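Residue-level structural notes
One letter stands for each residue in the lines below.
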Amino acid sequence: LHAGRGGCHIPARFRSRGGRRPAMLVHASCAARDGEAVLLLGPPGSGKSDLLLRLLGLGFALVADDQVRLAAANGRLWASAPEALSGTIEVRGIGLLSGQPACGPLPLALALRLVPREAVPRLPEPRRYAALGLSVPEVALHAPDASAPLKVALALDVALGRARLAAGAFAA
């Protein structure tokens, strides 16, 4: 595995100010593309690590697997791996890979709630994932679907204003 076009540059605006930032750990996985992170949320067995592995295959970069550190800085949420887990990813049936290139902290642009297929609405209402007094758009997704990685890429493009929806999860 290798970091894709997601990039591992830590923006100066995150590094520039000293002191402690409000932070928390979340049971989740996280990938990034073009310097913007996507948080994968769901209960154990929902497919977080598997979807993360498929995203890496599409050129996303690894931020964290199993646990994600979220911090609030400069009006945004920032995602990174806890130091002890940096560069590791669980591959069910193979094992825990270590020493993988990992990015972060990176700004969080989107949260995906991994749910059973019947819980994914055809035309969802806008939702937000909130942490540390900040929020990002949240979308429900069924991780095992073959199209799930492409839906992640599309949702990220919409969240970043690179694509538009007429109605749905990001409609105003």
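Structural notes, computed from the coordinates. Please read all numbers here as calculations on a predicted model, not as lab measurements. (Residues numbered from 1 in each chain as written. Predicted model: local features only at pLDDT ≥ 70, side-chain atom pairs only at ≥ 80, totals over all residues. Heavy atoms only, no water.)

Observations concerning the overall build of the protein
To keep things clear, this is the line we draw: Helix and strand definitions here come from DSSP, where helices need a minimum of 4 consecutive H or I residues and strands a minimum of 2 consecutive E residues; each element is numbered from the N-terminal end. Each residue's exposure class comes from its accessible area (1.4 Å probe, protein chains only) as a fraction of the maximum for that residue type: buried when under 20%, exposed when over 50%, partly exposed otherwise. Contact definition: two residues touch when any of their heavy atoms are within 4.5 Å. Only the protein chains shown count as cover for residues, and all accessible areas are computed by the Shrake-Rupley method using a 1.4 Å probe.
Of the regular secondary structure elements, the protein holds 3 helices and 10 strands. Listing every helix and strand of the protein by position from the N terminus yields α-β-β-α-β-β-β-β-β-β-β-β-α. Taking all 172 residues of the protein together, 45% fall into the buried category. Taking the intrachain contacts of the protein between residues at least 6 apart in sequence as the baseline, contacts between residues at least 24 apart amount to 71%. Just so you have it, the protein exposes about 8700 Å², and 55% of that area is on carbon and sulfur atoms.

Side note on helix 3 (residues 148-159)
An α-helical turn contains 3.6 residues, so any two residues separated by three or four positions project in the same direction. Note the threshold: Every helix has an expected span of 1.5 Å times one less than the residues it contains.
The end-to-end C-alpha distance of helix 3 is 16 Å, a good match for the 16 Å that 12 residues give at a rise of 1.5 Å each. Residues of helix 3 that are buried: Ala148, Pro149, Val152, Ala153, Ala155, Leu156 and Val158. Residues of helix 3 that are buried sit in contact with strand 1 (23-33), strand 2 (36-41), helix 2 (48-57), strand 8 (106-114) and strand 10 (134-141). Looking one or two residues past helix 3, Gly161 carries a phi angle of roughly 80 degrees, positive in sign.

Comments concerning the nonpolar core
Worth spelling out the cut-off: Nonpolar cores are built from buried Ala, Val, Leu, Ile, Met, Phe, Trp, Tyr and Cys residues. Side-chain atoms within 4.5 Å join them into one set.
By size, the foremost hydrophobic cluster in this structure holds 23 residues, and its most contacted members are Leu40, Leu51, Leu112 and Val152. Contributions of two or more residues to this core are made by strand 2, helix 2, strand 8, strand 10 and helix 3. If one sorts the elements of this core by residue count, helix 3 sits on top with 5 residues. Other than its neighbours up to four places away in sequence, Leu112 contacts Val38, Leu39, Leu40, Leu41, Val139, Leu141 and Val152. Counting residues in hydrophobic clusters, the runner-up holds 22 residues, among them Val68, Ala79, Ala111 and Tyr129.

Description of the layout of surface pockets
Spelled out, the test is: Computed over the protein atoms alone on a 1 Å grid, cavities are sets of points where a 1.4 Å probe fits but cannot get out and pockets are open sets with protein on both sides within 12 Å along at least five of seven lines; a residue lines them when it has an atom within 4 Å of a point. Grid points are joined across faces, edges and corners, and a volume is the space filled by probe spheres set on the points.
Computed from the structure, the largest pocket encloses a volume of approximately 390 Å³. Forming the boundary of the largest pocket are 19 residues, of which Pro124, Val139, Ala140, Lys151 and Ala169 lie nearest the centre. Counting only elements with at least two residues in the lining of the largest pocket, the list comes to strand 10 and helix 3. When residues in the lining of the largest pocket are grouped by element, the largest group, 5 residues, is from helix 3.

So, the environment of Pro43
By the secondary structure assignment, Pro43 is in the loop between strand 2 and helix 2. As a C-alpha pair, Pro43 and Ala28 span 15 residues in sequence and 8.5 Å in three-dimensional space.

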